[in-house]
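Structural overview for review
Next come the chains, spelled out residue by residue.
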Protein chains: 8
Amino acid sequence: MKSNLMGFTTALALTTAMSVQAAELPQQTFLNLETAQKLANEALINCLEGGYNVSVAVVDAAGLTRALIRSDKAGPHTLESSRKKAYTAASMGRPTADFANLIKKMPEVAGLRDMDPNILILGGGLPIKVNDQKVGGIGVGGAPGGHLDQACAQAAIDKVLG
Amino acid sequence: MKSNLMGFTTALALTTAMSVQAAELPQQTFLNLETAQKLANEALINCLEGGYNVSVAVVDAAGLTRALIRSDKAGPHTLESSRKKAYTAASMGRPTADFANLIKKMPEVAGLRDMDPNILILGGGLPIKVNDQKVGGIGVGGAPGGHLDQACAQAAIDKVLG
Amino acid sequence: MKSNLMGFTTALALTTAMSVQAAELPQQTFLNLETAQKLANEALINCLEGGYNVSVAVVDAAGLTRALIRSDKAGPHTLESSRKKAYTAASMGRPTADFANLIKKMPEVAGLRDMDPNILILGGGLPIKVNDQKVGGIGVGGAPGGHLDQACAQAAIDKVLG
Amino acid sequence: MKSNLMGFTTALALTTAMSVQAAELPQQTFLNLETAQKLANEALINCLEGGYNVSVAVVDAAGLTRALIRSDKAGPHTLESSRKKAYTAASMGRPTADFANLIKKMPEVAGLRDMDPNILILGGGLPIKVNDQKVGGIGVGGAPGGHLDQACAQAAIDKVLG
Amino acid sequence: MKSNLMGFTTALALTTAMSVQAAELPQQTFLNLETAQKLANEALINCLEGGYNVSVAVVDAAGLTRALIRSDKAGPHTLESSRKKAYTAASMGRPTADFANLIKKMPEVAGLRDMDPNILILGGGLPIKVNDQKVGGIGVGGAPGGHLDQACAQAAIDKVLG
Amino acid sequence: MKSNLMGFTTALALTTAMSVQAAELPQQTFLNLETAQKLANEALINCLEGGYNVSVAVVDAAGLTRALIRSDKAGPHTLESSRKKAYTAASMGRPTADFANLIKKMPEVAGLRDMDPNILILGGGLPIKVNDQKVGGIGVGGAPGGHLDQACAQAAIDKVLG
Amino acid sequence: MKSNLMGFTTALALTTAMSVQAAELPQQTFLNLETAQKLANEALINCLEGGYNVSVAVVDAAGLTRALIRSDKAGPHTLESSRKKAYTAASMGRPTADFANLIKKMPEVAGLRDMDPNILILGGGLPIKVNDQKVGGIGVGGAPGGHLDQACAQAAIDKVLG
Amino acid sequence: MKSNLMGFTTALALTTAMSVQAAELPQQTFLNLETAQKLANEALINCLEGGYNVSVAVVDAAGLTRALIRSDKAGPHTLESSRKKAYTAASMGRPTADFANLIKKMPEVAGLRDMDPNILILGGGLPIKVNDQKVGGIGVGGAPGGHLDQACAQAAIDKVLG
């Protein structure tokens, strides 16, 4: 093992010559709970006004749930469909509907659906951006059509962050 | 953290000004075991009479199994296929075959298949409705064709709830 | 298969002699979103006031999430720990701490921890009861001790449902 | 690859010199649905009479569900706890309580709990034997104590197979 | 709960009037290990002779592995692909290639792929039948084409059971 | 549904009276890849010098992997053990060994092990803090003892961030 | 059981007549960490230079991660998408894009996507070969197009192994 | 992003100054299928002679199955228990019973059980070593006691590799 260690140490040591100063670590904007709840509530109210029983999820840039709510008559599957849409939009940085249309045009990228168990390529998810920086995603599930889910999400973004 | 808490408390406190009276909580009709077993048994008998070895699942509105039975020669995969069809119909409120046909026509909604691990977009699942209210779903798996599975499910609904 | 079917039909037919009248299905009280959100918000505020960064989940009697929120500095694992505590309390009908203490005294029931992937035997979850009927559960995760998590959950119940 | 194949072929060919005659395959008794349903129903009725809201699962020797029923007020976790108890008793051939007690006495076998995701080492599961041959298992979950769950399972076996 | 129990007891009691005699339980032929190993070995040798590095799985009628072997240069994914093909053929009773072709012709049954995590709709799996009775399945994975995988499986069946 | 919506809208509208200004969203320090790789490399070199074949994982505050490396002779399980230790330390904010010792003293908190599939309560994980702020975690797996794993992790933190 | 054992012993004993000499076990080239890290770093740098925020995974011939790194702005899903692409290329021995194109041309092999949870049929993964022997795979995820991901992977191979 | 890239490139470029020569990659001994099958068969015969119905798994150094066989009357859970024991012994390099005893003495390392879903800390698994090099593992499950399982595994190693 000696010689193996030697080679490895030589190569790696060069990357660690200097220690990191704490102050050097970068900063990033993050989506706080207060904003996340406002977004979730607005999207749900907007959908209820349209007569749609939905779940709404808001996740941060890491794809972790900040707020998840389910209206009284929304089916159980909407918990995961809304969360996954939010995750997908947050992680990929574009509306989930864009990728659904992309797969339709280019069947060779159908594998996008399988990248991660949290990915859902289906309309209804939008990235949340502030000052052109991706800070999270919002997903709606339960309306009879992804475009309707997306409209509720967009309305919430417009009202809260517009 | 102080200021953050302040902001959050201010926003949220407004939603909690008054306590909920127990009596205010709404009621919902639920699918009891007795009815669920009748449905499952009828569907299985109907399929056996047609010569089909199937599993039958009946779930409540939350998608939770009330009754699941497997005939003597049904393949092991029918346990999950019937349960998922029942879940899907209960959660989405329409026959599973409707969504299978929808994806055929609109490939951009193929992601419906990935919304939740319990979802199965394949003929053979029907929602159970009572007085126009969704109370559960029934799924059949194992017949050589989703329309045959669905026919057994429909026969059970007609006999027990018709 | 003929004789097998015969036997089965004979036995089962007896259970299906009469159809169910829709009106016969029972009713149950359910936890609506509005109440669930109040509970979640109150518990989170209570914990923040104590200096604890937590997630709070409120689920219905079926164990399905109604509301899930995560405070700005709560660790990612609190999403699942709070949800599982809420599920466990809702499904088993008692505070999760009771079962944690039970296992301590009776090691032969340690298997309680493995009953279902959603079960978490750890202090911080309380059942939500209205008129002595179990309608859901609330779970808190992230405080330095299950008794502290539970106190936040209890405070929310006291305020919203007391 | 040539030489590797050679070696492999030489060694293996000896095991395949003669073809199997179909008639040579052994027979085994299996648990049919009719019996399984009787067992499940009896166990559930027995528990209801005792005031316990439970789920009951009956599985065959392969651990596959034959019948699974959940009473109206049983918690959602009882679906999996009853099924796993039935699986464990069927696969290991003894009451699940035996293994729970064994772990208590011999902590070094606590790993029994982790052998398979379907295993549950907790009282309430019994093997189903006919003519001293293991044909399946029955599991009950939801009573306030594994011995109570087991009593319901035993009563069903006594009545149906006794 | 009294009245609920009453109704349930009345309906169910009818199905349990007589106990099952042990001797009444049916018999089924099962695939023993000896035969399973012969099949697996033959299929693997056949593929190696064709220059294909594969895994071979043989499962019983319940879809449970009897024998699983992986040749020296077969990729790690072939363990699961061969096992799933064997499971699928055993559970569905027809060559896996049939279903792959069916989906191609009828896109509305694409959901067959999602019925169960053990299902794999891809050429290379064959049911094992003895005296027209389904006793298991064999699956091969790793050859550059499902028809090549299937040919190895067929050769094994022909030699061992032909 | 009208009245239900009304009640919900009334309660929620109060939380959304004012839109969020982009500039208001808070900032947080995050662990960049460059620092993460230095930490991982240092820990691995430190362990190799001690003769231990390990994997090392560095995750950010969300528990997401920044860097994961496995030395030539480390067992496959060390990939997950190191990643989970890093996740646990990052999410819970303390050395994983602390919680292992806590469970030893207080068996009633053994459920900590089950909070989330990513949690591993076993020595070898340390939180990464900069200016008293939690920015991630480092986990080491493979040395014959958690204290040895931890020592490698500590050495890396001391050198890179000390 | 006696006779069963006899038959089995007879058949199997033939395969075990001679013991294996340790020296007889074959050798295989394996991908060490040092090379894996160089590949991962080069691919990531190449992508960053193109303006793409990606994750890069390098796995050995068994599909086990050797090195996995995620750039500062890459979405969380790229951890799994890059790892799965690397696994797929390593296990199947060809660029992942080849299989994506194959499915487009031959829809009947769409099941390739379901062979194993680690498989991802999407451009961006390349096998790593040394002296025509498969020793692992490299996968890149996060660029806006699989061909871009693949170009970064190819550049790394060319520089490190070319 | 420019400056970030610069810093990263500077640090990393040093590790990639020279390309790897193919010939430099190390070699490792691996467990071929022929040897694995002999080991599995010997262990199973040894157990059958003792009257134990078991499954036997043999895995390579990466923990991947080479051969897995299940005797006619072994419970379904033995497939996973034997495979996990083999994985654990192969990955950790010592008999699985050693770790079971270790946890008994040192409860603070109980987390070993949770390191990876493939780990099983229960007697019956042994590492396979050739010339003091770890090349795989063998696991036996189904005998009434881990020491009995282990004895069958040891007998196989003694006969085939002794």
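Okay, so let's go over this structure. (Residues numbered from 1 in each chain as written. Chains lettered and ligands numbered in written order. Predicted model: local features only at pLDDT ≥ 70, side-chain atom pairs only at ≥ 80, totals over all residues. Heavy atoms only, no water.)

Some thoughts on the overall build of chain A
Here is the rule: A run of DSSP states H or I qualifies as a helix once it reaches four residues; a run of E qualifies as a strand once it reaches two. Both are numbered from the N-terminal end. Throughout this description, buried means an accessible area under 20% of the type-specific maximum (1.4 Å probe, protein chains only), exposed means over 50%, and partly exposed covers the range between. Any two residues whose heavy atoms approach within 4.5 Å at even a single point are treated as in contact. We get accessible surface area from the Shrake-Rupley algorithm with a probe of 1.4 Å; when it comes to residues, only the shown protein chains can shield them.
A count of helical and extended segments in chain A gives 5 helices and 5 strands. The proportion of buried residues among the 162 residues of chain A is 64%. Sequence-distant contacts in chain A: of pairs separated by 6 or more residues, those separated by 24 or more amount to 64%. In the form shown here, chain A has an accessible surface area of approximately 5,500 Å², with 53% of it arising from carbon and sulfur atoms.

Some details on the pattern of salt bridges
Residues and elements named next belong to chain C. We count it as follows: Put simply, a salt bridge is a Lys or Arg side-chain nitrogen that is within 4 Å of an Asp or Glu carboxyl oxygen.
For the structure on display, the rule yields 64 salt bridges over all chains. As a salt-bridge pair, glutamate 34 and lysine 38 come within 3.7 Å of each other at their nearest N and O atoms. Separated by 4 residues within a single helix, glutamate 34 and lysine 38 lie in helix α2 (residues 33-49), roughly one turn from each other.

Concerning the side chain of arginine 66 of chain B
Counted only if it meets this: Lys and Arg are tallied as positive, Asp and Glu as negative. Neither His nor the chain termini are counted. Polar contact is defined as a pair of N or O atoms within 3.5 Å, subject to the rule that within protein one atom must be able to donate a hydrogen and the other to accept it, and that residues adjacent in sequence are counted only when both atoms are side-chain atoms.
Relative to the assigned elements, arginine 66 of chain B resides in strand β3 (residues 65-70). The side chain of arginine 66 of chain B sits in the buried core without any salt bridge; aspartate 72 of chain D is the nearest counter-charge, 4.3 Å away. One polar contact links the side chain of arginine 66 of chain B to the main-chain carbonyl oxygen of leucine 31 of chain B, over a distance of 2.7 Å.

Observations concerning the environment of alanine 86 of chain D
Residue and element names in this part refer to chain D. Within the secondary structure layout, alanine 86 lies in helix α3 (residues 77-92). Alanine 86 gets classed as buried once you look at its relative accessible area, which sits at 0%. Distance from alanine 86 to glutamine 37, taken between C-alpha atoms, is 14 Å for residues 49 residues apart in sequence. Dropping the residues within four chain positions of it, alanine 86 is found in contact with Ala57, Val59, Gly137, Ile138 and Gly139.

Quick notes on the sheet that holds strand β5 (residues 133-141) of chain A
This is how the line gets drawn: Paired strands, as defined in this entry, are two strands with at least two bridges between them according to DSSP. The angle between two axes is taken between their N-to-C directions and runs from 0 to 180 degrees, where each axis is a line fitted to C-alpha atoms and a helix contributes only its stretch in contact.
As summarised here, the arrangement of the 8 strands in space is β4(A)-β5(A)-β2(A)-β3(A)-β3(C)-β2(C)-β5(C)-β4(C), forming an open sheet in which the pairing is antiparallel. The open sheet has two free edges, formed respectively by β4 (125-130) of chain A together with β4 (125-130) of chain C, since each of these has just one partner strand. Averaged over all pairs of adjacent strands, the angle between their axes in this sheet comes to 15°, without regard to strand direction. When strand β3 (residues 65-70) of chain A meets strand β3 (residues 65-70) of chain C, the two strands line up antiparallel, connected through 3 bridges.

Some points on the relation of the copies chain C and chain A
Our working definition: Alignment of copies: least-squares fit on C-alpha atoms of residues with pLDDT of at least 70 in both copies.
Superposing chain C onto chain A requires a rotation of 180° together with a translation of 0.0 Å along the rotation axis, leaving an RMSD of 0.0 Å. Interpreted geometrically, this transformation is the action of a two-fold axis. Nearest to the rotation axis, the C-alpha of leucine 68 of chain C is located 2.5 Å from it, this being the minimum over chain C. Here 100% of the interface residues in chain C have copies in chain A that are interface residues too; the copies meet face to matching face.

As for α3 of chain D
Quick note on the threshold: What a helix is expected to span follows from its residue count: subtract one and scale by 1.5 Å.
With 16 residues, α3 of chain D should reach 22 Å at 1.5 Å per residue; the first-to-last C-alpha distance of 22 Å fits that figure. Trailing α3 of chain D by a residue or two, glycine 93 of chain D shows a phi angle of about 80°, which is positive.

Overview of the sheet that holds strand β2 (residues 55-60) of chain H
Strand order in this open sheet of 8 strands is β4(E)-β5(E)-β2(E)-β3(E)-β3(H)-β2(H)-β5(H)-β4(H), and the pairing throughout is antiparallel. The open sheet has two free edges, formed respectively by β4 (125-130) of chain E together with β4 (125-130) of chain H, since each of these has just one partner strand. Averaged over all adjacent pairs, the angle separating strand axes in this sheet is 15°, with direction ignored.

Comments concerning the state of the cysteines
Residues and elements named next belong to chain A. Which entries qualify depends on this criterion: In this description, a disulfide is simply a cysteine sulfur pair whose atoms lie within 2.5 Å.
Per the stated rule, a full pass over the model turns up 8 disulfides over all chains. Between the sulfur atoms of cysteine 47 and its disulfide partner cysteine 152 the distance amounts to 2.1 Å. Between cysteine 47 and cysteine 152 the disulfide shows an S-S torsion of about 100°. By sign, it is right-handed. In this pair, cysteine 47 sits in helix α2 (residues 33-49) while cysteine 152 sits in helix α5 (residues 146-161), placing the two residues 105 residues apart along the sequence. Judged by relative accessible area, which is 2%, cysteine 152 ranks as buried.

With respect to unusual backbone geometry
With a phi angle near 55°, asparagine 131 of chain A is a residue other than glycine that sits in the positive phi range. Position of asparagine 131 of chain A relative to the elements: it lies in the loop between β4 and β5. A relative accessible area of 62% means that asparagine 131 of chain A is categorised as exposed. Within the chain, aspartate 132 of chain C stands out as a residue other than glycine whose phi angle is a positive 65°. Within the secondary structure, aspartate 132 of chain C sits in the loop between β4 and β5 (133-141).

Remarks on the interface of chain C and chain A
The criterion, for reference: Throughout, the accessible surface (probe 1.4 Å) given up by two parts as they are put together, summed over both, is called the buried area. Ten residues, namely Ala, Val, Leu, Ile, Met, Phe, Trp, Tyr, Cys and Pro, are considered nonpolar, four, namely Asp, Glu, Lys and Arg, are considered charged, and the remaining ones, Gly among them, are considered polar.
Every contact between the two is made by 18 residues of chain C and, on the other side, 18 residues of chain A. Contact with chain A buries surface across chain C, with Arg66, Arg70 and Asp72 of chain C losing the most and accounting together for 36% of the total. For the pair chain C and chain A, the interface holds 2 salt bridges. At the surface where chain C touches chain A, the tally comes to 17 residue pairs in polar contact (both at pLDDT 80 or more). Counting only elements with at least two residues in the side of chain C that touches chain A, the list comes to α2 and β3 of chain C. Looking at which element gives the most residues to the side of chain C that touches chain A, the answer is β3 of chain C, with 6 residues. Looking at the side of chain C that touches chain A residue by residue, the class counts come to 9 nonpolar, 5 polar and 4 charged.

What about the packing of helix α2 (residues 33-49) of chain G against helix α5 (residues 146-161) of chain G?
Residue and element names in this part refer to chain G. Let me state the cut-off plainly: The scheme is simple: roughly parallel for angles under 35 degrees, roughly antiparallel for over 145, roughly perpendicular for 65 to 115, oblique for anything else. Handedness of a crossing follows from how the near helix is turned relative to the far one, being left-handed for an anticlockwise turn of less than a right angle and right-handed for a clockwise one.
In the contact formed by α2 and α5, the axes pass within 8 Å of each other and the chain directions differ by 135°. Taken together, the axes of α2 and α5 are oblique relative to one another. For the pair α2 and α5, the crossing hand works out as right-handed. Counting all contacts with α2, which are made through Thr35, Lys38, Leu39, Glu42, Ala43, Asn46 and Cys47, the residues of α5 involved are Leu148, Ala151, Cys152, Ala153, Ala155, Ala156, Ile157, Lys159, Val160 and Leu161. Its residues placed into classes, the contact of α2 with α5 shows 12 nonpolar, 2 polar and 3 charged.

Here we look at the environment of alanine 57 of chain C
Residues and elements named next belong to chain C. When you line up the elements, alanine 57 lands in strand β2 (residues 55-60). Classification of alanine 57 as buried rests on a relative accessible area of 0%. For alanine 57, the residues in contact, after removing those within four places along its chain, are Ala67, Leu68, Ser82, Arg83, Ala86, Gly137, Ile138 and Gly139.

Points about the packing of aromatic side chains
We describe a pair of aromatic rings using the distance from one ring centre to the other and the angle between the two ring planes. So the rule is basically this: Side-chain rings of Phe, Tyr and Trp (the six-membered ring for Trp) are treated as a pair once their centres are within 6.5 Å; stacked means planes under 30 degrees apart, edge-to-face means over 60, and tilted covers the remaining angles. Ring-over charges, as used throughout, are those where CZ of Arg or NZ of Lys falls within 6 Å of the ring centre and within 35 degrees of the ring normal.
Under the definition given, this model contains 0 aromatic pairs over all chains. Note that arginine 94 of chain B overlies the ring of phenylalanine 99 of chain B, its terminal NZ or CZ placed 5.1 Å from the centroid.

Thoughts on the side chain of asparagine 32 of chain D
Topologically, asparagine 32 of chain D is positioned in the loop between β1 (27-29) and α2 (33-49). Owing to a relative accessible area of 8%, asparagine 32 of chain D belongs among the buried residues under this scheme. Beyond its immediate sequence surroundings of up to four residues, asparagine 32 of chain D is in contact with Asp72 of chain B, Arg66 of chain D together with Leu25 and Pro26 of chain E.

Some words on the pairing of strand β3 (residues 65-70) of chain D
All names here are of chain D. β3 sits mainly inside the fold: 6 of its 6 residues count as buried. Across 5 bridges, the pairing between strand β2 (residues 55-60) and β3 is antiparallel. What sits directly across from valine 56, in β3, is isoleucine 69.

Observations concerning the pairing of strand β4 (residues 125-130) of chain B
In regular strands, side chains alternate between the two faces of the sheet. Residues and elements named next belong to chain B. Counting buried residues in β4 gives 5 out of 6 residues, a clear majority hidden from the surface. Of the strand pairs in this sheet, β4 and strand β5 (residues 133-141) are connected by 6 bridges, and their pairing is antiparallel. Note on β5: the bridge partner recorded for lysine 129 is lysine 134. Counting the residues between successive antiparallel strands, the hairpin from β4 to β5 contains 2 residues, one of them, asparagine 131, with a positive phi of roughly 50°.

Comments concerning the environment of cysteine 47 of chain H
For cysteine 47 of chain H, a relative accessible area of 0% corresponds to the buried category. Not counting chain neighbours up to four residues away, the residues in contact with cysteine 47 of chain H comprise Tyr52, Val54, Val140, Leu148 and Cys152 of chain H.

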